[in-house]
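# Understanding the architecture of this molecule
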There are 2 protein chains.
Amino acid sequence: MSTAQGARARARQEVTAAIKEAARGQLAAEGAAKLSLRAVARELGMVSSALYRYFPSRDDLLTALIIDAYDSLGEAAERARDAAADAAPEARWVAVCEAVRGWALDRPHEYALIYGSPVPGYSAPQTTVPPAARVGMVLIGIVRDAHQGPGLTALPLPAGLRPEAARLAADLAPDLPAEAAVALVAAWAQLFGLVGFELFGQFNRVVEDRETFFRHAAGRLAEGVGLGRG
Amino acid sequence: MSTAQGARARARQEVTAAIKEAARGQLAAEGAAKLSLRAVARELGMVSSALYRYFPSRDDLLTALIIDAYDSLGEAAERARDAAADAAPEARWVAVCEAVRGWALDRPHEYALIYGSPVPGYSAPQTTVPPAARVGMVLIGIVRDAHQGPGLTALPLPAGLRPEAARLAADLAPDLPAEAAVALVAAWAQLFGLVGFELFGQFNRVVEDRETFFRHAAGRLAEGVGLGRG
DNA sequence: ACCGAAAAGAGAGCACCGCTCTTGCTTTGG
DNA sequence: CCAAAGCAAGAGCGGTGCTCTCTTTTCGGT
């Protein structure tokens, strides 16, 4: 247990958390590119060099924030799925999509951190992969439940895509039809296209009632993976 | 005419172009966040302060690059549309989508500049709006042609979305059915979700045959706006 | 209980950044 | 022809990420 270890380790965890908290504050205020280690240190009353005992570089701090953000978003998606556990698959799909959108609207800068442009030069380490997959897993799970329950509607699968579809299905969801796996990956990317456009201002002066628009689009995404009307 | 003015004005245009060119080089090498005016100046053999005669700030340089990128992408989309002028609407749609993807794969950093996270603090001035709309205009045009020619397939439009759909159609394409306008905006956002996910690495170790996958997804997007099989 | 090792903070300093201001030089246009 | 405008250069300000050294604190094994 982490609580059983010495005062030193506990203090380290607390300081680490405080640094991330302050960094998140800066992130929300100024954006990732202006996240300054010195400013974080100032806010915490330490000297900048002391921060390097906790994060070897600014990029490592960013990586930690990225992982936290993926986890936070993943949790939000999972909570939405569980809260709609009794609803029809299509409704559960829409609920998860709306949870993703809501999370993004609440924390635009954290969303930008994980789904915006990759930070300069920096390439995400492997540790970010599992947290990043959580939302996708939730979406896959909903389709899997529908497949084992009410069933999925038929989806097209051109011959040229068959090898890729088989690979995809084998990797992601061996129990699903290959065409559903393809549709899932596409819908997954398209979901973040919708959220990103709204968040980054592409819908300004275009879409007004974004809530309604998004719910409709998410519903059509659900149809696209074989949910609903089945 | 721009060629008729004095040597001074011509020199100014050449230097401005050289600055943007060098900046684009840095962009490709290091990413937008590390674009350094001093480095650009060094590369051009000038002193950093001299750059401020051409761009009042780093953000203004970025704005210029953003506008150029939007225009370049818009031209690519228009060229693809014109090259496929004789094809069926669905094929023309897919051709334009593939042009967008191809442009993005060729210039990932410029794509990130316009469709990635907004740059820190900086909010895009109104001058970027018309260039940014060009791709959307191309997509609208294809659907309009199909509507006036072979016709569009029926699309659902829930009652709650009717007001927003009417507004959208009035703004974007008064001659199109309201439900087509809604579907167009959604497909537009979803297209960039697909491209962005591929470009920013979200498809790593997930999608292998991205070319084929994308063509299929673009085709389904076309169906989603009422093209094809009509 | 002590003592050496490990961890943590503080401070100075390096190289770089965006941006401003002042100083001269060159081109331009009335 | 000469004043005005455009331009390059240099110095300098406050900020950044990061490194190095030095001191203090804490921990674990004997």
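How each quantity is defined
- The residue numbering used here restarts from 1 in each chain and proceeds along that chain's sequence as written.
- Key to labels: chains lettered from A, ligands numbered from 1, both in the order written.
- Residue-level local features of this predicted model are given only where pLDDT is at least 70; pairs of side-chain atoms are given and counted only at 80 or more, and the full residue set underlies all totals for whole chains, interfaces and linings.
- No hydrogens and no water enter the side-chain calculation; it runs on all heavy atoms of the structure.
- Domain ranges listed in this record stem from an automatic or a database domain assignment.
- Any two residues having at least one pair of non-hydrogen atoms within 4.5 Å are treated as being in contact.
- The term buried area denotes the loss of accessible surface (1.4 Å probe radius) that occurs when two parts are joined, taken as the sum for both partners.
- Each salt bridge in this description consists of a side-chain nitrogen of Lys or Arg and a carboxyl oxygen of Asp or Glu lying within 4 Å of one another.
- Counting of polar contacts relies on pairs of N or O atoms within 3.5 Å, with two restrictions inside protein: one atom must be capable of donating a hydrogen and the other of accepting it, and residues adjacent in sequence are counted only when both atoms are side-chain atoms.
- Residues were grouped as follows: Ala, Val, Leu, Ile, Met, Phe, Trp, Tyr, Cys and Pro as nonpolar; Asp, Glu, Lys and Arg as charged; and all remaining residues, including Gly, as polar.
- Here a residue is near a molecule or strand as soon as one of its heavy atoms is found within 4 Å of it.
- Only DSSP runs of H or I reaching four residues or more are called helices, and only runs of E reaching two or more are called strands; each is numbered from the N terminus.

## With respect to the domain arrangement of chain A
Residue and element names in this part refer to chain A. Partitioning chain A into domains gives domain 1 (1-55) and domain 2 (68-224). Taking only C-alpha atoms into account, the centre of domain 1 sits 32 Å from that of domain 2. Taken residue by residue, the interface counts seven residues in domain 1 and four residues in domain 2. The junction of domain 1 with domain 2 conceals about 470 Å² of combined surface from both sides, 60% of it contributed by carbon and sulfur atoms. The interface formed by domain 1 and domain 2 contains two salt bridges. Between Lys-20 and Asp-68 there is a salt bridge; the shortest N-O distance is 3.0 Å. Summed over the shared surface of domain 1 and domain 2, the result is four residue pairs in polar contact (both at pLDDT 80 or more). For the side of domain 1 that touches domain 2, a count of residues per class yields three nonpolar, one polar and three charged.

## Focus: the protein's contact with DNA strand D
Contacts to DNA strand D come from 20 residues, most closely from A:Ser36, A:Leu37, A:Arg38, A:Arg58 and B:Ser49. Restricting attention to atoms of DNA strand D within 4 Å of the protein, one finds that 49% of them are sugar or phosphate atoms. For DNA strand D, a phosphate oxygen lies 3.3 Å from a polar atom in the backbone of A:Leu35. B:Ser49 places a polar side-chain atom, nitrogen or oxygen, 2.7 Å from a base oxygen of DNA strand D. Put simply, the parts of the chain that give the surface near DNA strand D at least two residues each are helix 1 (7-30), helix 2 (37-44) and helix 3 (48-51) of chain A together with helix 1 (7-30) of chain B. Examining the composition of the surface near DNA strand D, we find that three residues originate from one element, helix 2 of chain A, more than from any other. Of the residues assigned to the surface near DNA strand D, the class counts are seven nonpolar, five polar and eight charged.

## Observations regarding the interface of chain B and chain A
Listed per partner, the contact involves 48 residues of chain B and 47 residues of chain A. Summed over both sides, the interface of chain B with chain A buries roughly 3900 Å², with 69% coming from carbon and sulfur. The interface formed by chain B and chain A holds zero salt bridges in total. Across the contact surface, chain B and chain A share eleven residue pairs in polar contact (both at pLDDT 80 or more).

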